[in-house]
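Coordinates in review
The residues making up each chain are set out below.
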Amino acid sequence: FLETAAYFCMKPKMGEKEVSPHSFFSIWHEFSSDFKDFWKKENKLILQERVKEAEEVCRQKKGKSLYNIRPKHDSGIVSKNCSN
């Protein structure tokens, strides 16, 4: 524990000889809680952006027809008989 506290440059509070686990983990808890909240907000924003992109792709695909419809040409026996 003391090596970890030294790695993060934790110094003992006034009047204490060593860094106590309570002081170290109270700071760590605040950090991890803030990080978790920030992470959730970022994931929510990324999800909203992806949903907007997917909706835009769907709109574009609906606007474009996947096949072409050609007009019917009048040819054959029926069209020749009707024109007379």
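In this report, we go over the structure that sits alongside the text. (Residues numbered from 1 in each chain as written. Predicted model: local features only at pLDDT ≥ 70, side-chain atom pairs only at ≥ 80, totals over all residues. Heavy atoms only, no water.)

Under the criterion given, the structure shown has 2 salt bridges. For arginine 59, the salt bridge is made with glutamate 56, and the minimal N-O distance between the two is 3.0 Å. Pair noted here: arginine 59 and glutamate 56 are both in helix H2 (residues 21-63), with a separation of 3 residues, about one helical turn. We classify glutamate 56 as partly exposed; its relative accessible area is 37%. (Salt bridge = Lys/Arg side-chain N within 4 Å of Asp/Glu carboxyl O. Helix = DSSP H or I, 4+ residues; strand = E, 2+ residues; numbered from the N terminus. Buried < 20%, exposed > 50% of the residue type's maximum accessible area, 1.4 Å probe, protein only.)

Together, Phe1, Leu2, Tyr7, Phe8, Phe25, Trp28, Phe31, Phe35 and Trp39 give the surface a local cluster of nonpolar side chains, amounting to about 1000 Å² of exposed area. Broken down by secondary-structure element, the contributors of at least two residues to the nonpolar patch are helix H1 (2-7) and H2. With 5 residues, the top contributor of residues to the nonpolar patch is H2. In this fold, tryptophan 39 is placed in helix H2. (Patch = residues over 30% accessible without salt bridge, like charges linked within 9 Å, V, L, I, M, F, W, Y side chains within 5 Å. Areas by Shrake-Rupley, 256 points an atom, 1.4 Å probe, with all protein chains shown as cover.)

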